[in-house]
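One letter stands for each residue in the lines below.
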Amino acid sequence: MHGLLFKDCRFVNFASHYPKIMKYILAVLLLCSQVSVAQKISKSDKKIIKSLQLHINYLSDDKLEGRRTGSAGEKLAYEYISTQFKNAGISAVNNDNSYLQPFEVNDGKQVSTETGFWVNDHALILNKDFFPFAFSANSTVQCEVSQSLKEKGEIWFYDLNDPLTQNANNPHFDLQDAVIKTVADFEKKGATGVVVYNSSSIPDKIKFEEKDKAETTRIPVIYLSAEAKVKYLADEIGTSKLKLKVQVDTKKRTGHNVVGYLNNNAATTVILGAHYDHLGYGEDRNSLYAGTSPMIHNGADDNASGTAALIELSKQLKASGNKNNNYLFIAFSGEELGLFGSKYFTEHPLINLSNANYMINMDMVGRLNDSTRGLTIGGFGTSPVWNQLVDTDHRYFKIKLDSSGTGPSDHTSFYRKDIPVLFFFTGTHSDYHKPSDDADKINYAGQLQLMKYIFNLISKADSREKLAFTKTKEAATTAKNSFKVSLGIMPDYTYSGNGVHVDGVSAGKAAEKAGIKTGDVIVQLGEHKVSDVQAYMSALGKFNKGEATKVKLMRGKEELVLDIVF
Ligand SMILES: [Zn+2]
């Protein structure tokens with residue numbers, strides 16, 4: 001509409017040279033266009049759009065470097081959101097008056113500087129002469145190696161020459177797997193530590209893998225560079241006194257949920273949420289950007305848009321007459337890493353979750369397509385009352401309903417606590433998870449309509465009793481559609497150990513029939529090791545419907561092997 005008004009103004013100026021009648025006609029035209037503008041976008045709507053623009057422009061500015069969980073950019077973002085809540089008159093739910101709820105995110109592994117390797121009391125240089133494997137046990141061992149290294153003291157040596165030359169033409173050969181198996185074998189035969197080196201001319205590409213998820217070996221294991229091997233342990237003959245100390249630590253990052261509370265002294269509380277974290281420079285390997293030089297992922301739609309809507313809805317609900325519920329506003333972090341923030345919140349809720357009425361999640365609500373006006377609403381099946389409250393035949397939006405309470409965003413964590421949820425999403429686009437998800441592509445008019453839609457729904461629900469909850473089928477994710485089979489489990493995306501931690505089992509599906517239970521950790525499917533959710537997905541892809549296999553899992557400390565039919 002701005003473009004149209006601008007054109008009219010130019011006509012008016014130009015028209016001052018025309019006869020009076022012409023001026024009059026143009027003035028009427030201008031008045032008409034202003035009236036039609038006034039009907040479509042009111043003053044208060046303009047104000048909301050301006051606020052949305054301010055929030056999204058700030059949150060998706062390069063200065064915030066993509067709001068990666070635990071980063072300096074995340075801090076700028078949570079400070080901004082906290083200030084917005086404060087200015088809106090929304091209070092903190094914590095006693096200390098802070099809006100923040102910190103939580104830890106596993107950030108892989110790192111080598112402690114305490115790690116050392118000594119040959120005849122000479123200390124080798126860490127990260128130059130040697131480094132530990134990320135899956136190495138933490139401990140200190142020492143021994144005297146007499147005569148030949150091949151006759152081994154308690155610290156054994158493993159030359160990669162043999163496996164590398166033998167498997168030079170084997171594309172399926174997994175060197176790490178070979179090392180892990182050999183270490184286990186050496187340990188059984190009496191080794192207390194293992195030194196791996198490569199005397200061949202075939203490169204082995206072994207490095208310290210920060211994100212390694214393999215199970216920890218029972219004894220320490222290091223990689224010794226070929227140069228150091230030649231320099232310090234060349235002849236493999238004579239007495240060598242060896243000492244090996246490995247210390248591999250878990251690296252942690254701290255993410256922060258921002259939680260604001262509107263207390264109406266009501267018995268029930270409605271929760272509104274949107275994640276504000278994004279991909280940073282793509283360090284966590286969740287970017288779809290194909291380039292090689294790191295770029296900032298601004299995440300304007302994902303999810304500065306939802307965060308901005310959350311802030312504006314907090315203002316509107318504060319000013320509204322909806323007093324039959326308290327309202328809790330949560331800007332989540334850790335979402336892009338796997339719903340860490342919302343999962344932490346539901347495990348450590350700052351309110352009594354049994355009084356939670358329902359939860360509304362907004363994730364990617366800024367890119368409404370003006371020609372299709374498609375709005376996806378997930379969680380429709382999580383309460384029998386939603387069909388009375390959700391306007392499915394809307395004058396503006398073309399509503400697409402998804403009944404499932406689970407999906408790729410934070411409402412899933414609340415659904416898992418038996419809370420009715422709704423998930424709002426204006427659809428994906430080619431800038432999704434790329435550095436090009438920028439603020440200039442946001443459809444503010446569309447987002448305004450979405451906020452009105454949500455506000456109306458909340459107002460309608462405010463006069464109702466606490467909503468009943470119903471369980472739904474698991475989400476049909478796009479990934480699942482490419483598989484011929486499914487197990488019928490909900491993986492816990494926040495689990496950082498080896499394997500897939502089962503967060504839920506669907507009734508009547510293969511997993512339940514096989515006897516898999518919530519809390520089990522699946523470590524192997526058939527012959528495929530399942531170290532994490534990605535490995536699990538790729539293993540699933542190798543089976544056909546009706547096929548039978550075995551699934552290996554840990555139930556507490558017990559290892560179980562169950563028969564499963566897909
Ligand atoms: Zn995302």
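Up top is the structure.
None of these values were measured; they are calculated from a predicted model.

Undergrad: Now, about the overall build of the chain: what can you tell me, with residues and values included?
TA: Summing up its helical and strand segments, the chain has 15 helices and 23 strands in all. Within the chain, buried positions represent 52% of all 566 residues. Looking at the chain alone, contacts between residues at least 24 apart form 79% of all its contacts between residues at least 6 apart. Accessible surface computed for the chain: about 27,300 Å², of which carbon and sulfur atoms make up 51%.

Undergrad: Please set out the packing of aromatic side chains residue by residue, giving values where relevant.
TA: Summed over the entire model, instances satisfying the criterion amount to 20 aromatic pairs. Geometrically, the ring pair formed by W156 and F186 is tilted, given 4.9 Å between the ring centres and 55° between the ring planes. Of this pair, W156 sits in strand 7 (residues 155-159) while F186 is found in helix 6 (residues 175-188), placing the two residues 30 residues apart along the sequence. In this pair, the class of W156 matches that of F186, namely buried.

Undergrad: Give a detailed account of the coordination of the zinc ion, specifying residues and quantitative values.
TA: Distances from the zinc ion to its protein donors, D302 (OD), E336 (OE), E336 (OE) and H433 (NE2), fall within 1.9 to 2.4 Å. Coordination geometry of the zinc ion: the 4 donor atoms subtend angles of 56 to 143° at the metal centre, consistent with an arrangement described as irregular. Within one chain, the residues serving as donors to the zinc ion are arranged as D-x33-E-x96-H. With a gap of 34 residues between them, D302 in helix 8 (residues 300-319) and E336 in the loop between strand 13 (326-332) and helix 9 (340-347) connect regions that are remote in the sequence. By relative accessible area, which is 13% here, E336 ends up buried.

Undergrad: How would you summarise helix 9 if you had to cite specific residues and measurements?
TA: For helix 9, the tally of buried residues reaches 6 of 8 residues, placing the bulk of the element in the interior. Within helix 9 the residues assigned to the buried category are F340, G341, S342, K343, F345 and T346.

Undergrad: How would you explain a positive patch on the surface if you had to name every residue and give the values?
TA: Where like charges cluster on the molecular surface, the positive patch consists of K473, K509, K513 and K545. Residue class for K473 comes out exposed when judged on its relative accessible area of 72%.

Undergrad: Go over unusual backbone geometry with me, naming the residues and quoting the values.
TA: In this chain, D302 is followed by N303 through a cis amide linkage whose omega measures -5°. Along the chain, the position of N303 falls in helix 8. Even without glycine at this site, N120 takes up a positive phi of about 50°. Among the structural elements, N120 can be located in the loop between strand 3 (116-119) and strand 4 (122-123). Positive phi, close to 60°, is recorded for L339, a residue that is not glycine. Mapping L339 onto the fold places it in the loop between strand 13 and helix 9.

What counts, and where the lines are drawn
In this numbering scheme, every chain counts its residues from 1 along its sequence in written order. pLDDT decides what is reported in this predicted model: residues at 70 or higher carry local features, side-chain atom pairs at 80 or more are listed and counted, and totals for whole chains, interfaces and linings draw on all residues regardless. Hydrogens are left out, water is left out, and the side-chain values use all remaining heavy atoms of the structure. Runs of E in the DSSP output that reach at least two residues are strands. Runs of H or I that reach at least four are helices, and both are numbered from the N terminus. Relative accessible area decides the class of each residue, using a 1.4 Å probe on protein chains only: under 20% of the type maximum gives buried, over 50% gives exposed, and in between gives partly exposed. Residue contacts are counted whenever heavy atoms from the two residues lie within 4.5 Å of one another. Note on areas: these come from Shrake-Rupley sampling with a 1.4 Å probe, and a residue is covered only by the protein chains present in the view. Each pair of aromatic rings taken from Phe, Tyr and Trp, with Trp reduced to its six-membered ring, is defined by centres within 6.5 Å and is described as stacked if the planes are under 30 degrees apart, edge-to-face if over 60, and tilted in the remaining cases. Distances up to 2.8 Å from the metal define which N, O and S atoms are donors, and 3.2 Å serves for Na, K and Ca; water is absent from the atom set, so sites may look incomplete. Square planar and octahedral assignments, for four and six donors respectively, both demand that opposite donors be over 155 degrees apart and that all other angles lie between 65 and 115; tetrahedral needs four donors with all angles between 85 and 135 degrees, and anything else is irregular. The patches reported here contain residues having more than 30% relative accessible area and no salt bridge. Joining distances are 9 Å for like charges and 5 Å for nonpolar side chains (Val, Leu, Ile, Met, Phe, Trp, Tyr). Every case where a carboxyl oxygen of Asp or Glu lies within 4 Å of a side-chain nitrogen of Lys or Arg is listed as a salt bridge. By the counting scheme adopted, Arg and Lys are positive, Glu and Asp are negative, and His together with the chain ends is not counted. In plain terms, the charge of a residue is placed at NZ if it is Lys, CZ if Arg, CG if Asp and CD if Glu.

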